[in-house]
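Examination of the molecular architecture
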Amino acid sequence: MTTVKKSVAVLGLGSMGTALAGALLAAGHQVTVWNRTPGKAEGLVARGARSVDSVAEAVAAAEVVIVCILDYGDIGPLLEQPGAAWQGRVVVNVTNGSPEEARAMAQRVTALGAAYLDGGIMAVPALIGGPQAFVLYSGSREAFEAHRDLLDAFARSVYLGEDPGLAPLNDLALLSAMYGMFGGFAHAAALVRSAGGPVAEFTTTLLLPWLQAMAGGLPAMAAQVDAGDYATTGSPLAMQVAHDAIGDVSRAQGVSPELFAPVLALMRRRVADGHGSEDFAGVVELLDPR
Ligand SMILES: NC(=O)c1ccc[n+]([C@@H]2O[C@H](COP(=O)([O-])OP(=O)(O)OC[C@H]3O[C@@H](n4cnc5c(N)ncnc54)[C@H](OP(=O)(O)O)[C@@H]3O)[C@@H](O)[C@H]2O)c1
């Protein structure tokens, strides 16, 4: 399928904005760039971008405006730049923020006569344009469908719905799962190192296969959460918390159990509440009581 070449502006040339603009250039789009501090556009200009001195010029040159700056709170002044005519534009804001901020921004942008999409980039700059990256979008379905071809230059595009808060909510849910995994890695690495073992070999030969096997069980756990039915499939919580074996071995090795302790506390609370014969996924009921 031939991609239609479009005029697009990128506001913000930090490491992510620069990567996004580069991907748009690589896809053959007509790219205009603006950055608060001059001097960051040279590389992109050498590749065919046009650099402008004001937000108003960038907005005038583009049907789609990508906003990628550090803080959500600093977007408002960009929208209010003198002479910036937002009417009829599509604003794709990939600045990280909260669902509430995204909903407020959508109202503000649509009041200016533009369509709004909020984006959550699930990648680091080096992965933009590659096969592993994906970007979550929420907000105007019409804008997403009209410009999906352009957005696909960044990464695989995933549209979540009209509520602009959905992209940041899902973005943060994914990051929380990532930090859970990183936390688990940190504790495992500390334990192995405390016993003199090489962490690299442990990670490649044991940890990765183990985590991959455990990740295979997540869809079944998710089905338990959706059904609200946590009947055990073989590893009941009461059995899992009968001993604090991880805490005991950590203390014996001089390793702090502080990362695992809150997880153990939740499991024990669930057992104390009478759910000892259920599976781990039931702790979701403690995190999100309803
Ligand atoms: N980098 C990542 O791995 C990654 C991954 C996913 C999402 N993101 C998100 O992408 C956004 C940009 O990240 P980044 O990595 O590009 O950050 P960065 O390299 O620190 O660049 C920050 C950018 O924001 C601009 N900026 C800061 N304050 C501004 C203001 N008051 N007015 C106008 N522009 C302002 C900076 O302009 P100056 O050059 O003038 O300072 C610069 O262009 C963030 O919301 C971040 O959470 C980043």
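Residues numbered from 1 in each chain as written. Predicted model: local features only at pLDDT ≥ 70, side-chain atom pairs only at ≥ 80, totals over all residues. Heavy atoms only, no water.

Considering all chains together, one arrives at three aromatic pairs under this definition. Residues Tyr137 and Phe144 carry aromatic rings whose centres are separated by 5.7 Å and whose planes lie at 45° to one another, so their mutual orientation is tilted. Across this residue pair, the class does not change: Tyr137 and Phe144 are buried. Taking 5.0 Å as the distance between ring centres and 25° as the angle between the ring planes, the aromatic pair formed by Phe144 and Tyr159 counts as stacked. (Phe/Tyr/Trp six-rings, centres within 6.5 Å; stacked < 30°, edge-to-face > 60°. Buried < 20%, exposed > 50% of the residue type's maximum accessible area, 1.4 Å probe, protein only.)

Among the five residues in strand β2 (residues 30-34), four count as buried, and that is most of the element. Inspection of the sheet shows strand β1 (residues 7-11) paired to β2 by five bridges, in the parallel sense. Residue Val8 lies in a different strand from β2, and its bridge partner there is Val31. One crossover worth recording links β1 to the parallel β2 by way of helix α1 (residues 15-26), and it is right-handed. As paired elements, β2 and strand β3 (residues 50-51) share two bridges and run parallel to each other. Within β3, the position partnered with Thr32 by the bridge is Arg50. (Helix = DSSP H or I, 4+ residues; strand = E, 2+ residues; numbered from the N terminus. Pairing = 2+ DSSP bridges. Right-handed = clockwise from strand over helix to strand, strands pointing away.)

Right, let's talk about the site of the ligand for a bit. The immediate surroundings of the ligand are formed by 20 residues, with Met16, Asn35, Arg36, Thr37 and Lys40 found nearest. One nitrogen or oxygen atom from the side chain of Arg36 is found 2.9 Å from an oxygen atom belonging to the ligand. Take Thr37: an N or O atom from its side chain is 2.5 Å from an oxygen atom of the ligand. The cavity where the ligand resides is the second largest pocket. (Near = heavy atom within 4 Å. Polar contact = N/O pair within 3.5 Å; in protein donor to acceptor, adjacent residues only side chain to side chain. 1 Å grid on protein atoms, 1.4 Å probe; cavity = no way out; pocket = protein on both sides within 12 Å on 5 of 7 lines; lining within 4 Å. Sits in = over half its atoms within 2 Å of the grid points.)

Right, let's get into the layout of surface pockets. Its volume calculated, the largest pocket comes out at about 2,400 Å³. Every residue lining the largest pocket is counted, 47 residues in all, and those nearest its centre are Gly180, Leu211, Met221, Val263 and Phe280. The set of elements that each furnish at least two residues to the lining of the largest pocket consists of α7 (166-194), α8 (199-215), α9 (218-227), α10 (237-240), α11 (245-253), α12 (261-275) and α13 (284-287). In terms of residues, the lining of the largest pocket owes the most to one element, α7, which gives 13 residues. Looking at the lining of the largest pocket, its residues break down into 33 nonpolar, twelve polar and two charged. Here the second largest pocket defines a volume of roughly 1,000 Å³. Taken together, 35 residues line the second largest pocket, and the ones lying closest to its centre are Met16, Cys68, Ile69, Leu70 and Asn96. Sorting the residues of the lining of the second largest pocket by element identifies α1, β6 (115-122) and α7 as the ones contributing at least two each. Residues from two domains meet in the lining of the second largest pocket; each of domain 1 (7-163) and domain 2 (169-287) gives at least three. (Points joined across faces, edges and corners; volume = space filled by probe spheres on them. Nonpolar A, V, L, I, M, F, W, Y, C, P; charged D, E, K, R; others polar. Domains from an automatic or database assignment.)

In terms of domain boundaries, the chain breaks down into domain 1 (7-163) and domain 2 (169-287). Computed over C-alpha atoms, the centres of domain 1 and domain 2 are 38 Å apart. Between domain 1 and domain 2, the residue contacts involve nine residues of the former and six residues of the latter. Surface buried jointly by domain 1 and domain 2 totals about 500 Å² across both partners, of which 75% is contributed by carbon and sulfur atoms. (Contact = heavy atoms within 4.5 Å. Buried area = accessible area lost by both parts, 1.4 Å probe.)

With that settled, the discussion passes to the nonpolar core. In this structure, Ile66 and Phe154 are the most contacted members of the largest nonpolar core, which totals 36 residues. Take this core: its biggest share by element is seven residues, from α1. Once you skip the residues sitting within four places of it in the chain, Phe154 turns out to touch Leu20, Ala23, Leu24, Ile66, Ile128, Gly129, Val135 and Tyr137. Formed by 24 residues, the second largest nonpolar core is a distinct cluster that contains Trp34, Tyr72, Ile75 and Leu78. (Core = buried A, V, L, I, M, F, W, Y, C linked by side-chain atoms within 4.5 Å.)

α11 packs onto α7 with a crossing angle of 45° between their chain directions and a minimal axis gap of 10 Å. Our classification of the angle between α7 and α11 gives oblique. For the element pair α7 and α11, the recorded crossing hand is left-handed. For the pair α7 and α11, contact is made by His187, Leu191 and Ser194 and by Ile246, Val249, Ser250 and Gln253, respectively. Classifying every residue of the contact of α7 with α11 gives three nonpolar, four polar and no charged. (Axes fitted to C-alpha atoms, helices over the stretch in contact; angles between N-to-C directions. Parallel < 35°, antiparallel > 145°, perpendicular 65-115°, else oblique. Left-handed = near helix turned anticlockwise from the far one by under 90°.)

Our next topic: a negative patch on the surface. Where like charges cluster on the molecular surface, the negative patch consists of Asp71, Asp74, Glu100 and Glu101. A relative accessible area of 42% means that Asp74 is categorised as partly exposed. (Patch = residues over 30% accessible without salt bridge, like charges linked within 9 Å, V, L, I, M, F, W, Y side chains within 5 Å. Areas by Shrake-Rupley, 256 points an atom, 1.4 Å probe, with all protein chains shown as cover. Salt bridge = Lys/Arg side-chain N within 4 Å of Asp/Glu carboxyl O. Lys, Arg positive; Asp, Glu negative; His and termini not counted. Charge placed at Lys NZ, Arg CZ, Asp CG, Glu CD.)

Taken together, eight strands build an open sheet; the order of strands is β3-β2-β1-β4-β5-β6-β7-β8 and the sheet is mixed. In this open sheet, the two strands that pair with only one neighbour each are β3 and β8 (156-159).

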